[in-house]
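Chains, contacts and geometry: an overview
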Amino acid sequence: MVAANAVPVEFLHGIGQHPSVWDAVAGRLPEWADPAISTIPSLSAPAHEPFSLDVAARWAAADLIDRSEDDAVVVGLSLGAQIAVRLAALEPGLVRALVLSAPVARPPKLLMRMQRAVLGALPARMVTAPSVREGGTGLSKADMLRVLDVVAEIDLRDELRRLEVPALVVVGGDDRASRRLSAEVAELIPDAELQVVPGVGHEWNRTHPERFAAAIAEWVERRGLA
C-alpha cells in the first residue's frame, strides 16, 4: 500500500538493460516512496522509431503525468541518467530531484569510436542483448549500434548548468571509466552532491540493489525531499 503523500520515484534504465533491472531497488525503498519504472521503447525492445534523447524523455514524462500529479525523484543509470537530465530540462515541473548514476555530460569521442568499433567487429550473437524472457531487452546488434551513434553526439553541459533541482550523482568505486565523467557532471550542476560508492561497478543497481536503494533513501531524507 502506498503511503499518503508518497513521493513518486521514477526509474530509467540504460542501453542493454531491461526495465525490470530496477525491480529489486524499487522494492527496497522506504514507505514514503511510490516507485515506478519507465519503459523506453527504443531501449527496451526492438523499435521502428530510432532512439532519440528527446523522445525518450517525453516517454518518461508521459509516464509521470499518467500516474501522479506530484513532481518526482527521477533515478537513471548511464544512458538513463542522460534521459533524466533531458527530462528535467524539457519538463522541469515534473521533477523534484535527480539521482544520476554514472552520468556523462558529453561522451568522449575517442572512447565512443573505440566502443563502436569493438561492437561492430563482434559477431551479432555476442552483441545482441538477451531476450526479454531472459531478462534482457531483445535489442539487435544494429539497434544497439544505432543507439550508440546517437549517444556519441549528446552534449548536456548547458542543460546541466541550468538545472534548478538538486541532484545526487553516484558512481561505483570500481567503475573506473565513469568516475571522472561523473565528477564532471556533478561539477556542472549548481546543486549536486557526488558520492563514490566503494566496492561496486557500473551496473550496481543490478548487483547491489540494497545499497542503491539505501543511497537514494538517505539522500532524499537528508535533503528533506520526502
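Residues numbered from 1 in each chain as written. Predicted model: local features only at pLDDT ≥ 70, side-chain atom pairs only at ≥ 80, totals over all residues. Heavy atoms only, no water.

1. Brief notes about the packing of aromatic side chains
All told, the structure shown has three aromatic pairs when counted by the stated rule. What links up through ring pairs into an aromatic cluster is the set F11, W22, W204 and F212. (Phe/Tyr/Trp six-rings, centres within 6.5 Å; stacked < 30°, edge-to-face > 60°.)

2. Here we look at the side chain of S178
Mapped onto the elements, S178 comes out in helix α9 (residues 176-188). Classification of S178 by relative accessible area gives buried; the value is 8%. Engagement of the side chain of S178 in a polar contact is seen with the side chain of D175, the distance being 2.8 Å. In contact with S178, not counting residues within four places along its chain, are A102, V171 and H202. (Helix = DSSP H or I, 4+ residues; strand = E, 2+ residues; numbered from the N terminus. Buried < 20%, exposed > 50% of the residue type's maximum accessible area, 1.4 Å probe, protein only. Polar contact = N/O pair within 3.5 Å; in protein donor to acceptor, adjacent residues only side chain to side chain. Contact = heavy atoms within 4.5 Å.)

3. What about unusual backbone geometry?
Backbone phi values are negative for most residues with the exception of glycine, while trans is the configuration of most peptide bonds. Positive phi values are uncommon outside glycine, yet S78 reaches one of about 60°. By the secondary structure assignment, S78 is in the loop between β3 (72-77) and α4 (79-90). The backbone phi angle of A102 is positive, close to 50°, even though this residue is not glycine. For A102, a relative accessible area of 2% corresponds to the buried category.

4. Describing the side chain of S68
Considering the arrangement of structural elements, one finds S68 in the loop between α3 (53-67) and β3. From its side chain, S68 meets the backbone nitrogen of D70 in a polar contact 2.9 Å long.

5. Brief notes about α4
With 12 residues, α4 extends 17 Å between its outermost C-alpha atoms, agreeing within 8% with the 16 Å of an ideal straight helix rising 1.5 Å per residue. Counting buried positions along α4 yields 10 of 12 residues, so the element is predominantly enclosed. Every buried residue belonging to α4 is among L79, G80, A81, Q82, I83, A84, V85, R86, L87 and A88, and all of these are buried. (Expected span 1.5 Å × (residues − 1).)

6. Thoughts on the pattern of salt bridges
One pass over the full model with this rule turns up 13 salt bridges. E10 is the salt-bridge partner of R67, the closest N and O atoms lying 2.9 Å from each other. Of this pair, R67 sits in helix α3 while E10 sits in strand β1 (residues 7-12), and the two are 57 residues apart along the sequence. Across the salt bridge formed by R67 and D34, the nearest N and O atoms sit 3.4 Å from each other. Taken together, the residues R67 in helix α3 and D34 in strand β2 (residues 33-37) connect sequence positions 33 residues apart. (Salt bridge = Lys/Arg side-chain N within 4 Å of Asp/Glu carboxyl O.)

7. Comments concerning the environment of P19
When you line up the elements, P19 lands in the loop between β1 and α1 (23-26). Using a relative accessible area of 6% as the deciding quantity, one classes P19 as buried. For the pair P19 and T39, spaced 20 residues apart in sequence, the C-alpha to C-alpha distance is 6.0 Å.

8. Section: the nonpolar core
Ranked by internal contacts, the top residues of the largest apolar core, which has 40 residues, are V74, I83, L98 and L160. Of all the secondary structure elements, the ones that give two or more residues to this core are α3, β3, α4, β4 (95-101), α7 (141-151), β5 (167-172) and α9. It is α4 that provides the largest number of residues to this core, a total of seven residues. Look past the residues within four positions of L160 in its chain and what remains in contact with it is V85, A105, V185, L188, I189 and P190. Counting 28 residues, the second-largest nonpolar core is a separate cluster that includes A33, V73, V197 and A213. (Core = buried A, V, L, I, M, F, W, Y, C linked by side-chain atoms within 4.5 Å.)

9. Examining the pairing of β5
Counting buried positions along β5 yields six of six residues, so the element is predominantly enclosed. The alternating pattern of β5 places A167, V169 and V171 and L168, V170 and G172 on opposite faces, both of which are buried. Across four bridges, the pairing between β4 and β5 is parallel. Across the sheet, V99 pairs through a bridge with L168, a residue of β5. Sheet topology note: the β5/strand β6 (residues 192-197) ladder contains six bridges and is parallel. Note that in β6 the partner of V169 across the bridge is L194. The parallel pair β5 and β6, bridged by α9, forms a crossover whose chirality is right-handed. (Pairing = 2+ DSSP bridges. Right-handed = clockwise from strand over helix to strand, strands pointing away.)

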